[in-house]
Amino acid sequence: MMEKILGLPVLASKHGADVDKLIIYVHYLMAALFIGWIAYFIYALVRFRKSANPKADYVGIRGHLSSYIELAVAFVEVVLLVGFAVPLWAHAVGEFPKADENPTNIRVIAQQFAWNVFYPGADGKFGNRDFKFVTQENPWGIDKADPDGKDDLPPLSNVIHVPVNKPVIIRLTSRDVIHSFKVIAMRVTQDAIPGVPIPLHFTPTKPGMYQINCAQLCGGGHSSMSNGRLFVDTQEEYDKWIAAQAKAPSGAASFE
Ligand SMILES: [Cu+2]
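Here, residues in each chain are numbered from 1, in the same order as that chain's written sequence. For a predicted model such as this one, the threshold for reporting local features is a pLDDT of at least 70, and the threshold for listing and counting side-chain atom pairs is 80 or more; totals across whole chains, interfaces and linings nevertheless cover every residue. Note that water and hydrogens are dropped before the side-chain values are worked out from all heavy atoms of the structure.

Visitor: Any chance you could explain the overall build of the chain here in plain terms?
Guide: Secondary structure assignment for the chain yields four helices and 10 strands. Helix numbering and strand numbering both begin at the N terminus, where a helix is a DSSP run of H or I of at least 4 residues and a strand a DSSP run of E of at least 2. What you see in the chain, going N to C, is helices and strands ordered as α-α-α-β-β-β-β-β-β-β-β-β-β-α. Each radius of gyration is computed over the set of C-alpha atoms, and the globule rule expresses the reference value as 2.2 Å times the number of residues to the power 0.38. For 256 residues, the compact-globule estimate of 2.2 N^0.38 gives 18 Å, and the C-alpha radius of gyration of the chain, at 25 Å, exceeds that figure by more than 25%. The dimensions of the chain, computed from C-alpha atoms along their principal axes, are 90 × 35 × 30 Å. A simple rule labels every residue: compare its accessible area, found with a 1.4 Å probe on the protein chains alone, to the largest value its type can have, and call it buried under 20%, exposed over 50%, or partly exposed in between. In the chain, which comprises 256 residues, the share counted as buried stands at 34%. Each accessible area value is a Shrake-Rupley result obtained with a 1.4 Å probe; residue values ignore everything except the protein chains displayed when judging cover. Surface summary for the chain: the accessible area is close to 15,700 Å², and the carbon and sulfur share equals 63%. Asp and Glu count as negative and Lys and Arg as positive, but His and the ends of the chain are not part of the count. Charge placement uses NZ in Lys and CZ in Arg. For Asp and Glu, CG and CD serve respectively. Within the chain, one finds 24 positive and 24 negative side-chain charges whose respective centroids are separated by 10 Å.

Structure (structure tokens):
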């Protein structure tokens, strides 16, 4: 019910349900506090009105009720933090899928104003990249001599494909300023910092096309970074797509 009231966006990832749960519980607490404060405000207006209290009382509150309420609110807040927020965070930053879960490994390099997407090809290994290889023709500094890179897919722009129900690991960085990779349907947001590859992970649960947004104001074309699309495919669709990419000539990657 609360999802409807809050108008939460489409959810298409495994851990996302816990994110929504936390959002909903925080809203329950906020609603309780809001009602409590408004009720107290009205009580105070009536109880301490001038006509009933011609003389000021300098002693103030005598009971302990307000302390108990305060303690109860603090307790609920601790439960939300320790019971929900911290485990969610630990999952996001610590519990990465293991190799035997066969995760889809992708690299994303943000730039003003697009997402550059790299796949390692059939061997599952990315070729070396180094700043010293960067030229006009080789903007990503790909080491052409590295055998691991021979079957790497040509870089894609603004398009990510992943198979459904399989964990995805994205190593994210930026080539210019700070961007932030956000896919609302996956309930993931991660800053892209130049020079620092930061991994993020999620498991998509619903096939479909989802928007990728930049969640960090990064310059004049910031809004056009929301042209990024994450396609969650069935395994067959994904296999077909990746096979087609491997055959595509460099730079001519399909946007379907
Ligand atoms: Cu950006």
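There's more to say after this.
Visitor: Looking at this model, I keep getting lost on the coordination of the copper ion. Mind explaining?
Guide: Ideal geometry at a metal centre: 109.5 degrees between donors when four sit tetrahedrally, and 90 or 180 degrees when six sit octahedrally. Each metal site is built from N, O and S donor atoms within 2.8 Å (3.2 Å for Na, K and Ca), and since water is not included, such sites may look incomplete. Donor atoms from the polypeptide that coordinate the copper ion comprise His179 (ND1), Cys214 (SG), Cys218 (SG) and Met225 (SD), at 2.0 to 2.3 Å from the metal. Only two sets of limits are used to name each site, 85 to 135 degrees for every angle of a tetrahedral four-donor site, and over 155 degrees for opposite donors with all other angles from 65 to 115 for a square planar four-donor or octahedral six-donor site, with any other site named irregular. Each of the four donor atoms bound to the copper ion contributes to angles spanning 95 to 125°, and the resulting shape is tetrahedral.

Visitor: Help me understand the packing of aromatic side chains in this model?
Guide: Where two aromatic rings form a pair, the distance of their centres and the angle of their planes describe that pair. Any two rings among Phe, Tyr and Trp, with Trp reduced to its six-membered ring, count as a pair given centres within 6.5 Å; such a pair is stacked if its planes are under 30 degrees apart, edge-to-face if over 60, and tilted if neither. Scanning the model with the defined rule gives eight aromatic pairs in all. Taken together, a centroid distance of 5.1 Å and an interplanar angle of 80° make the contact between tyrosine 25 and phenylalanine 84 edge-to-face. Linking tyrosine 25 in helix α2 (residues 16-47) with phenylalanine 84 in helix α3 (residues 65-94), this pair joins segments that are 59 residues apart in sequence. The class for tyrosine 25 is partly exposed, based on a relative accessible area of 33%.

Visitor: What is the right way to read the sheet that holds strand β10 (residues 228-233) from this model?
Guide: On the basis of which strands lie adjacent, the open sheet formed by five strands has the order β4-β10-β9-β6-β7 and mixed pairing. Every interior strand has two partners, whereas the edge strands, β4 (159-163) and β7 (188-192), have only one. When strand polarity is set aside, the average angle formed by the axes of neighbouring strands in this sheet is 20°. At least two DSSP bridges between two strands are needed for those strands to be called paired. Here strand β9 (residues 208-214) runs beside β10; their pairing, made up of five bridges, is antiparallel. Counterpart to glycine 208 in the pairing with β10 is valine 232. Its contacts with the sheet place helix α4 (residues 235-247) against β4 and β10, and it is angled at close to 135° to β4. Here, axes are lines fitted to C-alpha atoms. For helices the fit covers the stretch in contact, and angles between N-to-C directions go from 0 to 180 degrees. In this analysis, two residues are considered to be in contact whenever any of their non-hydrogen atoms come within 4.5 Å of each other.

Visitor: Could you clarify how one ought to interpret the pattern of salt bridges in this entry?
Guide: Pairing is possible between side chains of opposite charge, provided their charged atoms come close. The term salt bridge refers to a pairing of a side-chain nitrogen on Lys or Arg with a carboxyl oxygen on Asp or Glu at a separation within 4 Å. Here the structure, examined in full by the defined rule, presents three salt bridges. As a salt-bridge pair, lysine 21 and aspartate 18 come within 3.6 Å of each other at their nearest N and O atoms. In this pair, lysine 21 and aspartate 18 both sit in helix α2, three residues apart, roughly one turn of the helix. Among the residues examined, lysine 21 registers a relative accessible area of 36% and is labelled partly exposed.

Visitor: Mind showing me how you'd approach α2 here?
Guide: The periodicity of an α-helix, 3.6 residues per turn, causes residues three or four positions apart to be oriented the same way. Expected span of a helix: the number of residues minus one, times 1.5 Å. In this model, α2 (32 residues) spans 46 Å end to end at C-alpha, consistent with the 46 Å of a helix rising 1.5 Å per residue. Those residues of α2 that fall on the buried side of the exposure criterion are Gly16, Val19, Asp20, Leu22, Ile24 and Leu29. If you follow the buried residues of α2, they end up packed against α1 (2-6) and α3.

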